[in-house]
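One-letter residues, chain by chain:
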Amino acid sequence: MRFVELNSKTIGAIRRLVDTYTSIDELKQFLLEAGANSNRILPIRVSSNIKSPSYKSKSTILNEGFDTIPEDFAKPESDGIMLELVRIILSRKQVSKDDMVDLERVLSANGVELNEVLASGLGQDILHHAVDSAGAASFRETSELLKKALLRTTTDPTGAITAAVSAAESVCRETLRRLGIPEPSSKQFPKFLVELRRNTNIEELASIPSVGDRLIKALSSLAENSYQAAHETGDRHAHGDTAVPPSSLIVDMLVTSACAITAVITGALRRNELRVKSQSGVDSR
């Protein structure tokens, strides 16, 4: 999977698809679901009464809601929102065969395979769950990083990997801070999780009689491997012009792994399950 930047012809084709296959009410809803700026979209008043002072035509809403996406987001994220709009519309609407052929042709000429866009649904759902979990636990930085990963999975996979793993690192660091546990000397994602295991009851929470602590050990192993792989495949470091982009499978594994870790920790903290161990090893409550 390589970096993709939508050209004006592709953006025009997506805009035409949105215009053709959405009602005024759906247009606002689909823009929000795709990740457009809610501060811009929500104030747009929608009325079916053409005589109402708040009435806006679909073309006006497109101008205010779709055409402003590049103003509100960096290019990879802006393109990601537009491709997500494609996925939403094609999954919910009966698009004519001719329009499908035209869209697929334009996307392909731009280096985007329609099948990849449509197949991104499961990964997007997992990311949305992690975003919601982080938001519910008031992890602002984590939530913003996950949103960035969400919007870049198709257009900027290396950036998505970096954002997702950075989100998992952020949630571990912030959890240590909230629990009053000192950060390790090595400021690395796996080390933060080691400190959580050492100083909280997370191992006890994750223990199952027939499995023991193997689940939490697996989570730690996942964190270590995700961190190392992110350095190899993400965009934190330059890899040279000859670097091979990560496959779609690797992108999915690393992004969803980081989301899993994030959701587990934010969920436990949100439910007030995590406890700091006292020096005697007993949870302090």
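Criteria and cut-off values
Every chain's residues receive numbers from 1 upward, in the order its sequence appears when written. Restriction of local features to residues with pLDDT of at least 70 applies here, the model being predicted, together with a cutoff of 80 or more for giving and counting side-chain atom pairs; totals for whole chains, interfaces and linings are based on all residues. Side-chain descriptors were evaluated using all non-hydrogen atoms of the structure, hydrogens and water having been removed beforehand. Secondary structure elements are taken from DSSP: a helix is a run of H or I of four residues or more, a strand is a run of E of two residues or more, and numbering for both begins at the N terminus. Here's how the labels work: a residue is buried when its accessible area is under 20% of the maximum for its type, exposed when over 50%, partly exposed in between, all with a 1.4 Å probe on protein chains only. The contact rule is simple, with two residues in contact once any of their heavy atoms fall within 4.5 Å. Counted as positive: Lys and Arg. Counted as negative: Asp and Glu, with His and the chain ends omitted from the count. In this description, the location of a charge corresponds to atom NZ of lysine, CZ of arginine, CG of aspartate or CD of glutamate. Every case where a carboxyl oxygen of Asp or Glu lies within 4 Å of a side-chain nitrogen of Lys or Arg is listed as a salt bridge. For this analysis, a nonpolar core means a set of buried residues of the types Ala, Val, Leu, Ile, Met, Phe, Trp, Tyr and Cys, connected via side-chain atoms within 4.5 Å. Stacked, tilted and edge-to-face are the three classes assigned to paired rings of Phe, Tyr and Trp, where Trp is represented by its six-membered ring and a pair needs centres within 6.5 Å; plane angles under 30 degrees give stacked, over 60 edge-to-face, the rest tilted. Sitting over a ring, as applied to charges here, requires NZ of Lys or CZ of Arg to be within 6 Å of the ring centre and within 35 degrees of the ring normal. An axis is simply a line fitted to the C-alpha atoms; with a helix, the fit covers only the stretch in contact. Between two such axes, the angle follows the N-to-C directions and lies from 0 to 180 degrees. Roughly parallel covers angles under 35 degrees, roughly antiparallel covers those over 145, roughly perpendicular covers 65 to 115, and oblique covers all other angles. In this scheme, a crossing is called left-handed if the near helix is turned counterclockwise away from the far one by less than a right angle; it is called right-handed if the turn is clockwise. Ten residues, namely Ala, Val, Leu, Ile, Met, Phe, Trp, Tyr, Cys and Pro, are considered nonpolar, four, namely Asp, Glu, Lys and Arg, are considered charged, and the remaining ones, Gly among them, are considered polar.

Student: Just checking my understanding: could you explain the overall build of the protein for this structure?
Tutor: A count of helical and extended segments in the protein gives 15 helices and two strands. Taken along its principal axes, the extent of the C-alpha atoms in the protein is 70 × 50 × 35 Å. A total of 285 residues make up the protein; the buried ones form 46% of that total. Here the contacts in the protein between residues at least 6 apart in sequence split such that 69% fall between residues at least 24 apart. Charge separation in the protein, taken as the distance between the mean sites of 35 positive and 37 negative side-chain charges, equals 4 Å.

Student: It is not clear to me how unusual backbone geometry should be interpreted in this structure. Could you clarify?
Tutor: Trans peptide bonds make up the majority, and among non-glycine residues the majority have a negative phi. Not every positive phi belongs to a glycine, and Ser-138 is a case in point at roughly 60°. Here Ser-138 shows up in the loop between α9 (121-136) and α10 (140-152). The class for Ser-138 is exposed, based on a relative accessible area of 55%. At Asn-272, a residue that is not glycine, the phi angle is positive and equals roughly 60°. Position of Asn-272 relative to the elements: it lies in the loop between α15 (248-270) and β1 (276-277). Residue classification places Asn-272 among the exposed positions, given a relative accessible area of 51%.

Student: Sorry if this is basic, but what is going on with the pattern of salt bridges here?
Tutor: Side chains that differ in charge, positive against negative, can pair when their charged atoms come close. Inspection of every chain in the model, using the stated rule, returns 21 salt bridges. Between Arg-92 and Glu-33 there is a salt bridge; the shortest N-O distance is 2.5 Å. Taken together, the residues Arg-92 in helix α6 (residues 75-92) and Glu-33 in helix α2 (residues 24-34) connect sequence positions 59 residues apart. For Glu-33, a relative accessible area of 25% corresponds to the partly exposed category.

Student: Explanation requested: the nonpolar core in the structure shown.
Tutor: Side chains that are nonpolar tend, in soluble globular proteins, to be buried together. Membership of the largest hydrophobic core comes to 42 residues, with the highest contact counts inside it found for Leu-146, Cys-172, Phe-189 and Val-255. Sorting elements by how many residues they give to this core places helix α11 (residues 157-179) first, with eleven residues. Dropping the residues within four chain positions of it, Phe-189 is found in contact with Val-165, Ala-168, Glu-169, Cys-172, Ala-223, Tyr-227 and Ile-261.

Student: Please explain the packing of aromatic side chains as it appears in this structure.
Tutor: On inspection of all chains with the given rule, the structure shows zero aromatic pairs. Positioned above the aromatic ring of Phe-139 is the side chain of Arg-178, whose terminal nitrogen or guanidinium carbon lies 3.9 Å from the ring centre.

Student: Mind showing me how you'd approach the side chain of Glu-195 here?
Tutor: Within the element layout of this structure, Glu-195 appears in helix α12 (residues 189-199). The exposure class of Glu-195 is buried, given its relative accessible area of 13%.

Student: What exactly am I supposed to notice about the packing of α10 against α11 here?
Tutor: Packed helix pairs are characterised by how far apart their axes lie and by the angle those axes make with each other. Across the interface, α10 lies against α11 with an axial gap of 8 Å and an inter-helix angle of 160°. One element, α10, and the other, α11, form an angle in the roughly antiparallel class. Helix-helix and strand crossings are classified by hand; for α10 and α11 the assignment is left-handed. Mapping the contact onto sequence places Glu-141, Thr-142, Leu-145, Leu-146, Lys-148, Ala-149 and Arg-152 in α10 and Pro-157, Gly-159, Ala-160, Ala-163, Ala-164, Ser-166, Ala-167, Ser-170 and Val-171 in α11. Residue classes in the contact of α10 with α11 are distributed as nine nonpolar, four polar and three charged.

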